[in-house]
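# Summary of structural features
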Amino acid sequence: MISQNVSLKKYSTFKIGGPAKFFAEPKSIAEIRELLMFCKKNNEKFFILGNGSNVLFSDNGYDGLVIKIGKNLEAGKSLHDVIQAAANKGLGGIEKLEGIPGTIGGAIFMNAGAHGQQISDCIKSVVSVTTYGEIVTRTNEECKFSYRNSAFRMLDEIIVSAEFDFTPMPKEAIKSNRKEVLTWRREKQPLKYPNAGSVFKNPTSNLPLSGSNLSAGYLIDSCGLKGCRVGDAEVSELHANFIVNRGNATASDVKALMEKIVQEVKKKHGIVLEPEICIF
Ligand SMILES: Cc1cc2nc3c(=O)[nH]c(=O)nc-3n(C[C@H](O)[C@H](O)[C@H](O)COP(=O)(O)OP(=O)(O)OC[C@H]3O[C@@H](n4cnc5c(N)ncnc54)[C@H](O)[C@@H]3O)c2cc1C
């Protein structure tokens, strides 16, 4: 079940990352427990991976076990599949998350959102496995969702499934919302090159310039950083809050470019941008 020395490049939408010392894709909770036992016995750390659409792996890889949550577990299903299955029954509420290339587990961990909807809007409860192999069920409130955040960021737990509370909606309305956001994504996001979505969180509204909904993209663009490069990492010309991999970008390139962005935005606007992507 456990492979060794597995390149993480193909498991990240950025197409960046060195090898994982150990790598496994469990098919059940029982297998997750076995992997956790393996880590305890061998004193190895572990990292939970969904679709890798919000991570930047180190060029040195990961010195431990990467546990990939794939489709065999409910949390490994794609957001698209869940939105589609709900839509077939005339249920909506997170249909505007269509096009976000994550798994349910990753979306819950990050509280993924777009166009005024976030996954937490439709979560009734979440089931996770602790490092001791215990199963815990948390209500929506107990998940402590906020902007791109949840209690799971502070917990070393593996999300395995969730119960949803969708909203009955006319099928046509769901279809039209999904179509609209997909068109928007195709026009506004640099989908031609490997990337990990928005690199920085949008600053909150109690900041110097504010009152407004300042977006990280606007702030970066206003510093003239579109097209700025370090190695093969480039601030997208299409959307300034995306860094794209123009070929052989390394994690060091992306980190150096992020550092430059943070400095320039701070100098011009007095705002310190916080990363949205998970960096390892
Ligand atoms: C083109 C593009 C567009 C995007 N647009 C958006 C957008 O509009 N809105 C938005 O919010 N995001 C967006 N993203 C970012 C990303 O797709 C979401 O954050 C997504 O929810 C991450 O899911 P994932 O399965 O890929 O998680 P991963 O990237 O694999 O992991 C992200 C984090 O979640 C943790 N994690 C993953 N699965 C589990 C689990 N089962 N249990 C515990 N922890 C887990 C990981 O340890 C990691 O820390 C975009 C990304 C891309 C590439």
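Residues numbered from 1 in each chain as written. Predicted model: local features only at pLDDT ≥ 70, side-chain atom pairs only at ≥ 80, totals over all residues.

## Quick notes on the overall build of the protein chain
Helices and strands together make up the secondary structure of the protein chain, namely six helices and 17 strands. C-alpha extents for the protein chain along the principal axes are approximately 50 × 50 × 35 Å. For the protein chain, buried positions account for 40% of its 280 residues. Relative to all contacts within the protein chain whose residues are 6 or more apart in sequence, the contacts with residues 24 or more apart total 63%. (Helix = DSSP H or I, 4+ residues; strand = E, 2+ residues; numbered from the N terminus. Buried ≥ 20, exposed ≤ 12 C-beta atoms within 10 Å, placed from the backbone. Contact = placed C-beta atoms within 7 Å.)

## Focus on the nonpolar core
Counting 72 residues, the largest nonpolar core has Leu56, Ile67, Ile108 and Val254 as its most contacted members. Take this core: its biggest share by element is six residues, from helix 6 (residues 251–269). (Core = buried A, V, L, I, M, F, W, Y, C linked by C-beta atoms within 7 Å.)

## Examining helix 6
Helical geometry note: an α-helix holds 3.6 residues per turn, so side chains three or four residues apart project in the same direction. End to end, helix 6 covers 26 Å across 19 residues, agreeing with the expected 27 Å (1.5 Å per residue, within 8%). Residues of helix 6 that are buried include every one of Ala251, Asp253, Val254, Leu257, Met258, Ile261 and Val265, and no others. Down the axis of helix 6, the smallest arc covering the buried residues is 155 degrees, so these residues share one side. Exposed and oriented more than 90 degrees from the buried face of helix 6 are Glu259 and Lys267. Buried residues along helix 6 sit in contact with strand 4 (55–56), helix 5 (216–222), strand 14 (229–230), strand 15 (233–235) and strand 16 (242–245). (Expected span 1.5 Å × (residues − 1). Arc of directions from axis to C-beta.)

## Overview of the domain arrangement of the protein chain
The domains assigned to the protein chain are domain 1 (3–68), domain 2 (74–172) and domain 3 (192–279). Taking only C-alpha atoms, the centre of domain 2 and the centre of domain 3 are 26 Å apart. (Domains from an automatic or database assignment.)

## Looking at the confidence of the model for the protein chain
Here the protein chain averages 95 in pLDDT, while 97% of its residues score no lower than 70. For residues 205–212, every residue scores under 50 in pLDDT, and the model assigns this stretch ten contacts once sequence neighbours within four places are set aside. (pLDDT = per-residue confidence, 0-100.)

## Brief notes about the site of the ligand
Neighbouring residues of the ligand: 33 residues in total, closest Gly50, Gly102, Gly105, Gly106 and Gly197. If you list the elements that add at least two residues to the shell around the ligand, you get strand 3 (46–49), helix 3 (104–110), strand 7 (113–114), strand 11 (158–164) and strand 13 (195–198). Tallying contributions element by element places helix 3 first for the shell around the ligand, with five residues. Each residue belonging to the shell around the ligand can be placed in one class, and the counts come to 19 nonpolar, 14 polar and no charged. (Near = placed C-beta within 6 Å. Nonpolar A, V, L, I, M, F, W, Y, C, P; charged D, E, K, R; others polar.)

## Focus on the sheet that holds strand 9 (residues 123–129)
In space, the three strands of this open sheet follow the order 10-9-11, with antiparallel pairing throughout. Looking at the sheet topology across the chains shown, the edges are occupied by strand 10 (135–139) and strand 11. The mean angle between the axes of side-by-side strands here comes to 20 degrees, regardless of whether they run parallel or antiparallel. As paired strands, strand 9 and strand 10 are joined by five bridges and run antiparallel to one another. Within the sheet, the bridge partner assigned to valine 127 lies in strand 10 and is threonine 137. (Pairing = 2+ DSSP bridges. Axes fitted to C-alpha atoms, helices over the stretch in contact; angles between N-to-C directions.)

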